[in-house]
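Chain and residue survey
Below, each chain spelled out in residue letters.
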Amino acid sequence: MATSVFHQRVLRLHYLSRLQKSLILARCQHRKAEQDVDDLGETDEASQPVEEGPQLAYKLFYSPSSYCHIRNVQTVLSQRDNEEDEPCLPILTPCFWQQGNTYSVSSSRHLSSTKNTLLDLAFNKSPEMQSQARRQPIPPDIRFDTRAFLKCRPEYSCISLNTTQRPSPTSLDKSWGLLKKVTVLKGALKPSDVSSILWELSSVDPDKTTLVRSDQRFVMLLRYSVENLQLYSLSELLEVLQAFVWLDMPSAHSVLALYESELSRRVDQMTLHQFLFAADLWRCIGKQVPQYLKSVYASVPLYIGQIRTPELVQLLYIMGEGRYCPKELVQPLEQLLMRHLHELQPEEVGTVCLGLFKSQTSLSEGAVMRILDKAHVFVEDMSDFGLVNVMKYLRFSYLYHKEWLDAMGKEVPRRAHRMGIQGLMHMALACSALHYRNDNILTAIAERVPLMVPHCRSKDSCKLLWAYGTLGFLPVKSPSLYPSLTEALRQRKAEFYRYPEHLLTGLLGLAFVSTFPEDLISLALSPEFVKLALKSTQLDLKKDLYTLNGAVELELPHWTGPRLTSDLQEEVADMLWKFAESDICQKQEVVQAELCLKDLLGGEEFVCKRMILPYTRSIDLEVHLDSKGQPIPVTPPCNTTPEKTSSKSENFYNWDKVNIGVKVTDDLVAQLLNTKNKKSSLKVVKPTLLHSVEPDEGDLFNTGLFLTNEVTDMLTKSSVCNENKGPVKLAIQVCNRNHYCYHSDQLLGLHAMKRRHLKLIGYKVVDLNHQEWFPLLRKSRTEKLAYLHCKVFNQ
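Residues numbered from 1 in each chain as written. Predicted model: local features only at pLDDT ≥ 70, side-chain atom pairs only at ≥ 80, totals over all residues. Heavy atoms only, no water.

1. Quick look at the packing of aromatic side chains
Cut-off, in case you're wondering: Ring pairs shown here join Phe, Tyr and Trp side chains whose ring centres sit within 6.5 Å, with only the six-membered ring taken for Trp; geometry is labelled stacked below 30 degrees between planes, edge-to-face above 60, and tilted in between. Our definition puts a charge over a ring when NZ of Lys or CZ of Arg is within 6 Å of the ring centre and also within 35 degrees of the ring normal.
Considering all chains together, one arrives at 13 aromatic pairs under this definition. Between the aromatic rings of tyrosine 468 and phenylalanine 473, the centroid separation amounts to 5.1 Å while the plane-to-plane angle is 80 degrees, which identifies the pairing as edge-to-face. Taken together through their ring pairs, the aromatic side chains of Phe149, Tyr156 and Tyr317 make up a single cluster. Sitting over the ring of tyrosine 763, lysine 729 keeps its end group 4.5 Å from the ring centre.

2. So, helix α28 (residues 542–555)
This is how it is decided: Put simply, DSSP marks the helices as runs of H or I at least four residues long and the strands as runs of E at least two long, and each gets a number from the N terminus on. To estimate the expected span of a helix, count its residues, drop one, and scale the result by 1.5 Å. Accessibility here uses a 1.4 Å probe with only protein chains present; expressed as a share of the type maximum, an area under 20% marks a residue as buried, one over 50% as exposed, and anything in between as partly exposed. Whether two residues touch is decided by their heavy atoms; if any such pair falls within 4.5 Å, the residues are in contact.
For α28, which comprises 14 residues, the first-to-last C-alpha distance of 20 Å matches the rise-based estimate of 20 Å (1.5 Å per residue) to within 8%. The set of residues buried in α28 consists of Asp544, Leu545, Tyr546, Thr547, Leu548, Asn549, Gly550, Ala551, Val552 and Glu555. Where α28 is buried, its residues meet α25 (500–512), α26 (518–524), α27 (527–534), α29 (566–582) and α33 (749–760).

3. Remarks on unusual backbone geometry
Threonine 635 connects to proline 636 through a cis peptide bond whose omega is -5 degrees. Along the chain, proline 636 falls in the loop between β4 (631–632) and α31 (666–674). Backbone geometry places arginine 323, a non-glycine residue, at a positive phi of 60 degrees. Tracing the backbone through its elements, the reader meets arginine 323 in the loop between α14 (309–322) and α15 (327–340). You can call arginine 323 buried: its relative accessible area is 4%. For tyrosine 398, which is not glycine, the phi dihedral falls at a positive 55 degrees. Structurally, tyrosine 398 is set in the loop between α18 (384–397) and α19 (402–415).

4. Points about the nonpolar core
Here is the rule: We define the nonpolar core as a collection of buried residues of types Ala, Val, Leu, Ile, Met, Phe, Trp, Tyr and Cys that are connected through side-chain atoms lying within 4.5 Å of one another.
Within the largest apolar cluster, 212 residues are counted, with the highest numbers of intra-cluster contacts made by Tyr292 and Trp404. The biggest single contributor to this core is helix α12 (residues 272–285), with 10 residues. Non-local contacts of tyrosine 292, meaning those with residues more than four positions away in its chain, are made with Glu260, Leu263, Ser264, Val267, Met270, Gln274, Phe275, Ala278, Ala279 and Trp282.

5. Structural notes on the environment of proline 475
Positionally, proline 475 belongs in the loop between α22 (458–470) and α23 (481–491). Separated by 38 residues in the primary sequence, proline 475 and valine 513 have C-alpha atoms spaced 7.5 Å apart. Non-local contacts of proline 475, meaning those with residues more than four positions away in its chain, are made with Tyr482, Val513 and Thr515.

6. Some thoughts on α15
Between its terminal C-alpha atoms α15 stretches 21 Å, which fits the 20 Å expected from 14 residues at 1.5 Å a residue. Of all the residues in α15, the buried ones are Leu329, Val330, Leu333, Glu334, Leu336, Leu337, Met338 and His340. Contacts from the buried residues of α15 go to α13 (290–299), α14, α16 (346–358) and α17 (365–377).

7. Describing the pairing of strand β6 (residues 763–768)
The test is simple: A pair of strands counts as paired when DSSP detects no fewer than two bridges linking them. By convention, orient the strands away from the viewer: a clockwise path from the first strand over the helix to the second makes the crossover right-handed.
Summarising the sheet, strand β5 (residues 728–734) and β6 pair through six bridges and their orientation is parallel. The partner of leucine 730 across the bridge, within β6, is lysine 764. Where the polypeptide runs from β5 across α33 and back to β6, its parallel neighbour, the crossover connection is right-handed.

8. What to know about the pairing of β5
Two faces make up the sheet, and in a regular strand the side chains alternate between them. Of all seven residues in β5, six are buried; the element is thus mostly enclosed. Examined bridge by bridge, strand β3 (residues 620–625) and β5 share five bridges and lie antiparallel to one another. Bridged to leucine 621 within β5 is isoleucine 732.

9. A word on the pattern of salt bridges
Spelled out, the test is: Every case where a carboxyl oxygen of Asp or Glu lies within 4 Å of a side-chain nitrogen of Lys or Arg is listed as a salt bridge.
Summed over all chains, the structure comprises 32 salt bridges. One salt bridge connects lysine 542 with glutamate 571, and the closest N-O pair in it is separated by 2.5 Å. Linking lysine 542 in helix α28 with glutamate 571 in helix α29, this pair joins segments that are 29 residues apart in sequence. Arginine 756 is the salt-bridge partner of glutamate 555, the closest N and O atoms lying 2.8 Å from each other. Taken together, the residues span a long stretch of sequence, with glutamate 555 in helix α28 and arginine 756 in helix α33 at a distance of 201 residues. Taken together, the shared-partner salt bridges in this structure form one network comprising Asp384, Glu411, Arg414, Arg415 and Arg418.

As structure tokens, this is what we get:
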């Protein structure tokens, strides 16, 4: 007897050992199968599903390891709903040529990536960072319920699955008895038998589902279940699908595709509640079902009159998780949303915003503002998850809602200490996308982020760097922010071989604030990485590589590391200039500035429209002045074809002619630019010859001052002597509001870096501020000349 017991224990230990190995393999396979690549985005961040072709003949392969994985339905749903592109991969830094399969990882690293993160950080941090880590314990990552909105109303129980309420558990012995029944009945199993057995099996304890799925009799049951799918009733199909949720079926299992096809065929037989419930079951399983959702969306117009608030919110949730909303449904959904907006509760508003964001659904500006108004009413009652979702959709819509953003200036500092790294990243990214700099928000996030770095995906670290760099948040404001995020990039180098755009995003954000980690730059500009980046089919990374290369060339003069080839640089420069010619150069603010400068300075040879620093992606109007402050032809001359001057334009200026009449004073300039608010006692000069002046909308010249040749000529003469010994090169910037933070004089990262670089190569930067220049576009030519004279000569 004792020998028998001992023998049984040995067998059990042997079985558990094999099971543990299977679990490790299955987790790796399952994680690889469930990667849901999204946006960017930020633009990011949603992709349309691809329609599946005709179903191939069904083949079922038995592989026990594919069934051996344990997960909690609610936890996995929370993770999936949150991960817009990729999960946090284990920290590995193999050499470039070892990246054939980034998921071939050792089990110890895979099962405890957080521990390894902390270990690697401890060995690689600087002494300052190590001491800080000793003082501040690493908090756990934050998890939240992405389906909390389902608790808002009892009506959701008809159209969704409550994943917190599993069926009453049954014993494993009962499960073995059910599977034995399968071997007896075999092909004689009826649809009702299959659905009943699967439903009863789904009641097994969650810890035992792996044993059930790995049993070969269960595989036989799946095979029998799809032999006569057309004979199942709708209720039986939904029952089977629900059983698959509780049995934790792998979302990549081939049998699920056959169920999707059958349910897609049956959508027109379903009620509104039935097809919404089935869509939710697919979401709980974790399988993307574009074929089924296409059929659902085609049926929605038939039920518009039956859609109330719960059905509308659930439909938008499903659309978001499916990453697609048909264009023909946008207007009906907007009308429904406006009709039921007053009924929405806080978490439902967050779900609506997330669904619209993930499905990339653009509503009218008025509708978005009304949603934001509603969210602002109960901003204090919304969860952190809900706040982040609203910010995501605000970022996507690219609208400014003052009251909401002001509220974020109070709410984010109050909540930042309890928010997860992804929520913090999306908050900062939304602010940068909206060009909204609020130091209360940025400082609160910056204080929290270094503690959460071990939980950062590469995406989180890089987009945080981009956001802070774009908004010009200098390292001195938060000494630990940039070093900790840069260290996080080093710890997750392996992820950049799969997502090269993330590394470039982070390095550009650092470059904006003049920070250059040379080891990461060496990686980004290495021939192997550049080749990998250029193979990207989703994004064109050439411009990012070109910008990074140009920044390194100027700000790291000692740099001896890799650089882009001259051929690639020329290719990107040509591409950028062609775009500039077709877009930027055609804008009226640029056209008028160029024409007026040519008039002011005496001809085309004195103004060169080109990209002095092509990698900064914007144009310059280049002007050269000699040591006396007089214009000289630009050298080297422009290699682009200058635009022809308007026939109405006249050459006002002759530099060889000395004019005496009216002295150019500050009062005269003020009178020309702002005579409504400033009275002048200047003596009126009777004209000897008048130029035709266009009517002025603002009645700027109602003071009695006539603009004569003498006045105009004196305006074009510098009132300030140039103290430089050599020629002065001016880089005139025609700015627009998108170059600045919202309602601020703070330049955004790329434009601030451009001005810094222009100064490094010897240019004096002259800004034609949009708040000054744009109103003048509707004024007379003489007023434009007066303004440009002040900008060019009074430096």
